[in-house]
Structure formats: C-alpha cells, structure tokens
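Here are the chains, one letter per residue:
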Amino acid sequence: MATATVTAKGGFLSGKRIIWLVAVFLTLIIAAGWYWWARGHQKAPNFLTVTASKGSIVETVSASGKIEALHSIGLSFKNPGTIKAIYVKEGQSVKAGQLLALQDPTDLELQVKEAQANLDNALAKLKSLQAGPLATDVAQAEAEVEQARVEYDNAQDTLKRDQALYDAGALSEVDLNNARKAEATAAANLKKAQAALEAVKNGSQPEDIAAAQAQVDAARAQLQLAENDLAATEIRAPWNGIVTNVNGQVGQRVGSNTSATDASNSFIFLVSPELQLRVQVNEADINKVKVGQDVEFTVNAQPDRTFKGKVTAIAPQAQTVSNIQLYDVLVNVGDAGASLKAGESASVTIIISRKDNVITIPRAAIAYAEGYLSQAGKTAGSRATSSGGTSGGGNRSKVPRESTQGTGGSAGSSVTGASTAETPSAGENRAVILVLEGGQPVQRQVVTGASDERNIEVVSGLKAGEQVVVGTGSASTGSTGNTGSTSSSGRSSSGSNRNTGGPMPPGGFLGGR
C-alpha cells in the first residue's frame, strides 16, 4: 500500500515537468516567430525633410567695431602765453573759421612792429643803391678832388723850395725829408679823391645791390614770422564741428601743445558731426573683405534697429590685441550717423557676397546624406558576405538607386556614399543628397554654389518643391510630411522631432525584407 502511493506521486511530478517544458518550448517558438515576423514587417523610418525652395545665400564676416567721428583734431596755442578769452564751451557746434579762443597778443604785436621797422630800413638802403648817384654827391666828390689837388700842388712847391735851401746848406736834411713825406701824402690823397669821384659817377656795384637785397629778404621773413606768431594767438575752427573738450580758463598761462589726437592733452578738442564705423577684423577673414562691400550693424543703444554702411578703407597693417592680429576696416555709415553717437560699440556683419532667388537647402542635408549612404554601403556589403554572395535571398537588403530626375545622370548606380553619374567639370562643386520619392530616399547628385552658415545653393540637379531628406525621426510619430522649409533669408527651420544624432541604419527598410 505504501509502495503504490509513492508511485502515484512520482507519476504526478513527471507529468507536471513535461507540461512546464512544453510551455517554455512553445514560448520560445512564439518569440522567434514574432521576431522574424516583426523583422519582415518593420515599418519604414520617419524621414524628416525640407522643401527645396528659392531664397537667399548670404556669406558674411562677423566682427565688432566702434562708432567714431570722421574727423577729429586737438587745437592748442602755438606759443606760450596767457589765455585772454574763451568763446565756446563743451558740446557747442561751431562753424569753419569761427573764433574759439584768444591769447594775450601784446608782446607779439611789439615784435611785429620791430620787424616792420627793420624791413623799412633795409628797403630804403636798397632803394638808394638802385637809384644811382645824386648831383650833390657828384659835386661834393669833385670838390674833394679839387681840394686834394691844391694840397698836392702846395706840397710840391714846398718840396722844391726846401730842396734848394738844402742844396745851399741853409736847411737840414730832416726838414727836407719832412717836405718829401708831405708831398707823398698829398699825392695819395689826390688819387683817393679822384677814385671816390669816379665811384660816385659810376653808381653802386652789383654786389652791393645784391647784399642789400639779401638784407631786405631777411627782414621780410622776420616780419612774416612775427605776424604768424601774432595770428596764432587766435584759435579758429578749421571746419564745421562740435567742441568736445575745453581744457583751460581765462587768465591761465599755457604752454605750446602740438597734440592733435589726444583730447585730454589739447586745449580745445573738435570733432566733425559726420561719423564712421571702425571695425576690427580677424586676420583669418581680412582677405574676404573688400572696399565697397555692404555692411550691417547694430548698437547697444538701439538693439532692434539694423544700420547699413559700406566699406571705405582697409588698414594695410595689423594691430596685435591679446595675441590676435586684427585689421582696422573703416565703414561709411552715411545718413545713419544722424541717430548714432561717437563711442558706441557695434556688432558688425560685413556682406561678402549675396545671391538672391536661388534654390537653397540646409547644409545638414549633405552631411546627413553622406552618413546615410556610407552606412547603407556598409550594411549591404555585410549582408552580401553573410549570404555567401547568392542572389534572391529573402532577407537581403536592397539599396536605393540614384534618381535621374533633374540630374541628367544614369540610373542604377549603387550606394557607395557618392554618386558616379558624371565626372565633375572643372570649377564645379558637386554633392549627393537624398530626395524623398514615393516615401523612399533616393540619392541625387547636385551641383552646389555659394553657401552661408546654414544653407547652400543648388545650381542644378534639384527643383523647387522637391522634398530633401535632412534627418530621421521616430517611426511612432506617424506621417512626417514637410518638417522644415527654407526661408527667404536662406535659413532653414525644422520640426521639433528632428533626429540630429545621425542617420538611422538602413537595414530592414530600404527595399523590403
């Protein structure tokens, strides 16, 4: 009786184990079946697209700058002296030629008078030499000659008489020698008087006139210098402008100052009402900047307003700022300067090139296509290897063929990450993108042109209105439609469910199971 009970219990346990094993086996079969069924019925991915549309491609260089006066100058007195009057104040607008300040001119006025007198004397002497001898001068010279001749005749008579006395022994030899000296002196005086008469009759010598002329020129130069110094006691505005600094007061003695750029070291600092924008451009971008290019900028005081200008000059020499080479670029702000103020900081965009009404797509479309096609090529190669190279395998993925629409290229090229439709012409930039056709991405080779930070121009190979793949979203999101568009400015906008992490693996949805 006890043995029968044990046998029945053991049979019961064996049956329960068999049922458990059968359940596990059936679960595995169902899971495997579900896996292969789901693999064969995997939904196509949700491709995110943008509509190829016409817009603008704007290539720019960004920089910072500062608004400054077109002209500025520091004005100071030429010579040391005392300030007599100041006629302007800071912030005052002045006209060209307007008197701004005056220095005490007393000492300089005296110097002008002295220089004038010296010039007058030099001119009188020159005029006398150039006019020739006067009749009275000739008469006086002739009289002096006649007097010298009389003295000479008397000296000769005295010498003859003394010689006779000496011969008779009535005169000493000393007296005779004195008579001889007197006769020689009288002869010399006669010759001198005759020469002087001749000089008076002949007039002044050329070298004397030249020397007198030189004295006149020197005196005139001294007068001009004195007059310039006197004029420098006045400070006048060189052009229409605005006074920004007045560093002095009446009665103060000031020294000469030649600073024309530093407002703090000038007596009066003047700026023009016309403004310009000085921009500092990095050496990496300076070769793109050209005179005449359009400029757009904003200032902190008016952040919602965009001002426009044009590049007028580019500095040939860089300045080193924090170990960075920066070049000054001057921008004419035109009429916009009326609402700006010198010293304002500006955020600047220099328009390097602009193309309007061209077909544009996001640059991301090219990057996505490169990654997508590269992954597709790797997956196709892996499956071909695993299937042993046989054709007709039910699980082998097919790859999208290249579309011939808009490209003129041949169909049937396999996905290798780049199109083989044509050999690029010289100077052409080509790229491959994915165009959504019949719900499937098809590679398309396009010719590209200008580009900016976000978008790129498509010169040929794509038509406006076509859907360009730019990413892959979750399959659970349902129909995607157009998730982005290219705006008139060439910038693209995309849906919030856009996958920017890279392309989805192509296996399982490129051409069926």
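Residues numbered from 1 in each chain as written. Predicted model: local features only at pLDDT ≥ 70, side-chain atom pairs only at ≥ 80, totals over all residues. Heavy atoms only, no water.

Caption draft 1: Fine view of the overall build of the protein. Along the backbone of the protein there are 6 helices and 22 strands. Across the 513 residues that make up the protein, the buried fraction comes to 33%. The contacts of the protein with a sequence gap of at least 6 include a subset with a gap of at least 24, amounting to 76%. For the protein, the accessible surface area stands at approximately 29500 Å², while carbon and sulfur atoms represent 53% of it. (Helix = DSSP H or I, 4+ residues; strand = E, 2+ residues; numbered from the N terminus. Buried < 20%, exposed > 50% of the residue type's maximum accessible area, 1.4 Å probe, protein only. Contact = heavy atoms within 4.5 Å. Areas by Shrake-Rupley, 256 points an atom, 1.4 Å probe, with all protein chains shown as cover.)

Caption draft 2: Representation of the sheet that holds strand β9 (residues 253-254). If you walk across this open sheet you meet the 4 strands as β7-β6-β4-β9, and the pairing is antiparallel. The strands lining the two open edges of the sheet, one partner per strand, are β7 (234-236) and β9. Pairing of strand β4 (residues 81-86) with strand β6 (residues 99-103), which is carried by 3 bridges, proceeds in the antiparallel orientation. Bridged to Ile-83 within β6 is Gln-103. (Pairing = 2+ DSSP bridges.)

Caption draft 3: Region of the structure containing the pattern of salt bridges. This structure, assessed with the given rule, holds 14 salt bridges. Between Lys-355 and Glu-457 there is a salt bridge; the shortest N-O distance is 3.0 Å. Separated by 102 residues along the polypeptide, Lys-355 in strand β16 (residues 345-362) and Glu-457 in strand β19 (residues 455-460) bring together distant segments of the chain. On the basis of relative accessible area, Lys-355 is assigned to the partly exposed category, the value being 35%. For Glu-437, the salt bridge identified is with Arg-444, shortest N-O distance 3.0 Å. (Salt bridge = Lys/Arg side-chain N within 4 Å of Asp/Glu carboxyl O.)

Caption draft 4: Geometry of the nonpolar core. Membership of the largest hydrophobic core comes to 25 residues, with the highest contact counts inside it found for Leu-277, Val-279, Val-281, Phe-297, Val-348 and Ile-350. Listing elements by their share of this core, those giving two or more residues are β2 (53-69), β11 (275-282), β12 (294-299), β13 (302-314), β15 (324-332) and β16. Among the nonpolar cores identified, the runner-up in size contains 16 residues, and Ile-359, Ile-366, Ala-431 and Val-468 belong to it. (Core = buried A, V, L, I, M, F, W, Y, C linked by side-chain atoms within 4.5 Å.)

Caption draft 5: Focus on the sheet that holds strand β8 (residues 241-246). The strand order β3-β10-β8-β5 describes an open sheet built from 4 strands, whose pairing is antiparallel. Every other strand in the sheet has two partners, leaving β3 (72-75) and β5 (93-94) as the edge strands with one partner each. Judged from the 2 bridges that link them, β5 and β8 form a sheet pairing that is antiparallel. Residue pairing across strands places Ser-93 opposite Ile-242, the latter belonging to β8.

Caption draft 6: The arrangement of the packing of helix α2 (residues 106-131) against helix α5 (residues 206-231) in detail. Between α2 and α5, the least distance of the axes is 8 Å, while the angle of their chain directions is 160 degrees. Considering the angle they form, α2 stands roughly antiparallel to α5. Between α2 and α5 lies a crossing whose hand is left-handed. A per-class count over the contact of α2 with α5 returns 15 nonpolar, 7 polar and 6 charged. (Axes fitted to C-alpha atoms, helices over the stretch in contact; angles between N-to-C directions. Parallel < 35°, antiparallel > 145°, perpendicular 65-115°, else oblique. Left-handed = near helix turned anticlockwise from the far one by under 90°. Nonpolar A, V, L, I, M, F, W, Y, C, P; charged D, E, K, R; others polar.)

Caption draft 7: Examining the pairing of β16 more closely. Here 13 bridges tie β2 to β16, and the two strands are oriented antiparallel to one another. Counted as the bridge partner of Ser-53 is Thr-360 from β16. Where β12 lies against β16, 5 bridges are found, and the strand directions are antiparallel. Among the inter-strand pairings, Thr-298 is bridged to a residue of β16, identified as Ser-347.

Caption draft 8: Main features of helix α3 (residues 135-167). Spanning 33 residues, α3 covers 48 Å between terminal C-alpha atoms, matching the ideal 48 Å at 1.5 Å per step. Phi turns positive one or two residues past the end of α3, at Gly-169, with a value near 80 degrees. (Expected span 1.5 Å × (residues − 1).)

Caption draft 9: Spatial organisation of unusual backbone geometry. Phi is positive for Asn-323, close to 65 degrees, though the residue is something other than glycine. Locating Asn-323 in the fold gives a position in the loop between β14 (319-321) and β15. Exposure remark for Asn-323: the relative accessible area of 76% places this residue in the exposed category. The phi angle at Asn-357 is positive, at roughly 55 degrees, despite the residue not being glycine. Within the secondary structure, Asn-357 is located in strand β16. Judged by its relative accessible area of 57%, Asn-357 falls in the exposed class.

Caption draft 10: Fine view of a nonpolar patch on the surface. On the surface, Ile-18, Val-22, Phe-25, Leu-26, Ile-29 and Ile-30 cluster together into a nonpolar patch covering about 600 Å² of accessible area. Along the polypeptide, Ile-18 turns up in helix α1 (residues 2-40). With relative accessibility at 51%, the residue Ile-18 sits in the exposed group. (Patch = residues over 30% accessible without salt bridge, like charges linked within 9 Å, V, L, I, M, F, W, Y side chains within 5 Å.)

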